[in-house]
Amino acid sequence: MDTNILLENGTNELEVLEFTIGDNHYGINVAKIREILQYMPITPIPNAHPCIEGIFMPRDTMITVIDLRAALELGASEPGGLFIITNFNQLNIAFHVDQVVGIHRVSWNDIIKPDNSINIGEKGVSTGIVKFDEKLIVILDFEKIVTDISPETGLKMSDIEDLGARDRCDLPILIAEDSPLLSKLIVDCIKKAGYTNIIVCQNGQEAWNKLLEFKQSGNLHAKVSCIITDIEMPIMDGHRLTKLSKEDDEIKHIPLIIFSSLVNEEMRRKGEQLGADAQLSKPEIGQLVAAIDKLIGITVQ
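What you are looking at is a predicted structure, and each value in this text was computed from that prediction instead of being measured. (Residues numbered from 1 in each chain as written. Predicted model: local features only at pLDDT ≥ 70, side-chain atom pairs only at ≥ 80, totals over all residues. Heavy atoms only, no water.)

Undergrad: Hey, could you run me through the environment of Asp-67 in this one?
TA: Of note, Asp-67 is situated in strand 5 (residues 63-67). Judged by relative accessible area, which is 4%, Asp-67 ranks as buried. With 16 residues separating them along the chain, Asp-67 and Phe-83 place their C-alpha atoms 9.6 Å apart. In contact with Asp-67, other than residues within four places in its own chain, are Cys-51, Glu-53, Gly-75, Ala-76, Ser-77 and His-96. Of the polar contacts made by the side chain of Asp-67, one reaches the side chain of Ser-77; its length is 2.6 Å. (Helix = DSSP H or I, 4+ residues; strand = E, 2+ residues; numbered from the N terminus. Buried < 20%, exposed > 50% of the residue type's maximum accessible area, 1.4 Å probe, protein only. Contact = heavy atoms within 4.5 Å. Polar contact = N/O pair within 3.5 Å; in protein donor to acceptor, adjacent residues only side chain to side chain.)

Here it is, written out as structure tokens:
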């Protein structure tokens, strides 16, 4: 299946691949997908996590297979179905699913953020819900699913510990991140690195509203010294936020860092075209701190 994204930069749109596990319909951002393969025999790994079916090696590349049915606590998959081969957080992972339904092009504005009755704070595995043809599709948080299975694939917290003691810096940093868990971890890491003045927004629209509010009050640069944004967010994504920020005569001077699991070669080109000052993959929290240090122009000892 061809999964090339032909979307124009900064349009606040994405393509969602709809797939099924049993009678349940789920979605994944096409930007995460490398390819889709028919099921093939898997080599089990002794003492692996119960949700890991094993490994296989298409085209001489070893790929771990996650049983998505098991990860969602829906039982265990039988041989058959499809492998959705993904790339995010610098990892190649296959997710075993039943069927692929098709690809839908949608606006982030149409994706509903699950409330606490569906997602309980940091424990939920849904990033959003979208409606197609009277059918609700749950967009899954694949990064969280992988991190729950293998915590060392998440943010490299040890990178922050390695920085050692640093002076405090109260220059304000604006963060746009929709995941409660990642938002908390990123804030904790940045604070440990000495940056204590942090404004957290749950999506790009909220961040953009803050920037406009500060601009209208006449103290924009006193209120924000650096912007850090995820890419995947409901209502307004990070690429749209980047486009709007870099097209504004005042806001464009604020350094903007894209910090996302989706930063790969193709996404990096998109971010560069939109004017992002730095782009980093989410495991590299230490590099994020180094990028903030460089862009803000402050030496934090």
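Past the structure itself, the notes keep going.
Undergrad: I keep staring at the side chain of Thr-20 and nothing clicks. Help me out?
TA: Relative to the helices and strands, Thr-20 is located in strand 1 (residues 13-21). Overall, Thr-20 belongs to the buried group, its relative accessible area being 5%. Filtering out sequence-adjacent residues up to four positions away, Thr-20 remains in contact with His-25, Val-97, Asp-98, Gln-99 and Val-101.

Undergrad: How should I be thinking about the nonpolar core in this particular structure?
TA: Ranked by internal contacts, the top residues of the largest apolar core, which has 25 residues, are Leu-174, Leu-211 and Ile-227. Of all elements in the fold, only strand 11 (173-176), strand 12 (198-201), helix 5 (204-217), helix 7 (238-247) and strand 14 (256-260) reach the threshold of two or more residues within this core. A total of 4 residues in this core trace back to one element, the largest contributor, which is helix 5. Dropping the residues within four chain positions of it, Leu-174 is found in contact with Ile-199, Cys-201, Ala-207, Leu-211, Val-224, Cys-226, Ile-227 and Ile-228. (Core = buried A, V, L, I, M, F, W, Y, C linked by side-chain atoms within 4.5 Å.)

Undergrad: Sorry if this is basic, but what is going on with the sheet that holds strand 6 (residues 82-88) here?
TA: As a general point, the strands of a sheet are linked pairwise by backbone hydrogen bonds and lie either parallel or antiparallel. Ordered by their spatial adjacency, 5 strands build an open sheet running 3-6-7-5-4, and the pairing between neighbours is mixed. What marks the edges here is a single partner per strand, and that holds for strand 3 (33-38) and strand 4 (52-56). Strand-to-strand, the axes of this sheet are offset by a mean angle of 25°, without reference to chain direction. Sheet analysis places strand 4 next to strand 5, joined by 4 bridges and oriented antiparallel. (Pairing = 2+ DSSP bridges. Axes fitted to C-alpha atoms, helices over the stretch in contact; angles between N-to-C directions.)

Undergrad: Would you take a moment to explain helix 5 for this structure?
TA: Think of an α-helix as turning once every 3.6 residues; residues three or four places apart then point the same way. Its 14 residues place the ends of helix 5 20 Å apart at the C-alpha level, agreeing with the 20 Å of an ideal helix rising 1.5 Å per residue. Contact partners of the buried residues in helix 5: strand 11, strand 12, helix 6 (220-223), strand 13 (226-229) and helix 7. Among the residues of helix 5, the N-terminal cap falls to Asn-203, whose side-chain oxygen and the backbone nitrogen of Gln-205 are separated by 3.0 Å. The positive-phi residue at the C-terminal boundary of helix 5 is Gly-218, with phi of around 85°. (Expected span 1.5 Å × (residues − 1).)

Undergrad: Would you explain the packing of helix 5 against helix 7 in this entry?
TA: Geometry of a packed helix pair, given as the angle between the helix axes and the separation of the axes. Axis separation between helix 5 and helix 7 bottoms out at 9 Å; the angle between their running directions is 20°. By the criterion of interaxial angle, the relationship of helix 5 to helix 7 is roughly parallel. Helix 7 is crossed by helix 5, and the crossing has right-handed handedness. Contact with helix 5, carried on its side by Gly-204, Ala-207, Trp-208 and Leu-211, involves Leu-241, Leu-244 and Ser-245 of helix 7 and no other residues of that element. Looking at the contact of helix 5 with helix 7 residue by residue, the classes come out as 5 nonpolar, 2 polar and no charged. (Parallel < 35°, antiparallel > 145°, perpendicular 65-115°, else oblique. Left-handed = near helix turned anticlockwise from the far one by under 90°. Nonpolar A, V, L, I, M, F, W, Y, C, P; charged D, E, K, R; others polar.)

Undergrad: Which parts of the structure should I look at to understand the packing of aromatic side chains?
TA: Aromatic rings considered in pairs are described by the distance between their centres and by the relative angle of their planes. This structure, assessed with the given rule, holds 5 aromatic pairs. Seen from their ring centres, Phe-56 and Phe-83 are 4.9 Å apart, and the 50° between their planes marks the pair as tilted. Here Phe-83 lies in strand 6 and Phe-56 lies in strand 4, a separation of 27 residues in the sequence. By relative accessible area, Phe-56 is classed as buried at 5%. (Phe/Tyr/Trp six-rings, centres within 6.5 Å; stacked < 30°, edge-to-face > 60°.)

Undergrad: What should I look at first to understand the pattern of salt bridges in this one?
TA: Side chains that carry opposite charge are capable of pairing whenever their charged atoms lie near each other. Evaluation of the coordinates by the stated rule reveals 17 salt bridges. Residue Glu-13 is joined to Arg-105 by a salt bridge in which the shortest nitrogen-to-oxygen separation is 2.8 Å. Residue Glu-13 is found in strand 1, and its partner Arg-105 is found in strand 8 (residues 99-107); the two are separated by 92 residues along the sequence. The residue Glu-232 makes a salt bridge to Lys-32 at a minimum N-O spacing of 2.2 Å. (Salt bridge = Lys/Arg side-chain N within 4 Å of Asp/Glu carboxyl O.)

Undergrad: Which parts of the structure should I look at to understand the pairing of strand 11?
TA: For a regular strand, the rule is simple: side chains alternate between the two faces of the sheet. Along strand 11, one buried face is formed by Ile-173 and Ile-175 and the opposite face, lined by Leu-174 and Ala-176, is buried too. With respect to chirality, the unit in which strand 11 leads through helix 4 (residues 180-192) into the neighbouring parallel strand 12 is right-handed. Bridging between strand 11 and strand 13 involves 4 bridges; their strand directions are parallel. Paired with Leu-174 across the strands is Ile-227, a residue of strand 13. (Right-handed = clockwise from strand over helix to strand, strands pointing away.)

Undergrad: Teacher, can you tell me more about the side chain of Thr-86 here?
TA: Residue position: Thr-86 is located in strand 6. Relative accessible area serves as the criterion here: at 0%, Thr-86 is assigned to the buried category. Beyond its immediate stretch of four places on either side in the chain, Thr-86 contacts Ile-28, Lys-32, Ile-33, Arg-34, Leu-91, Asn-92, Ile-93 and Phe-95.

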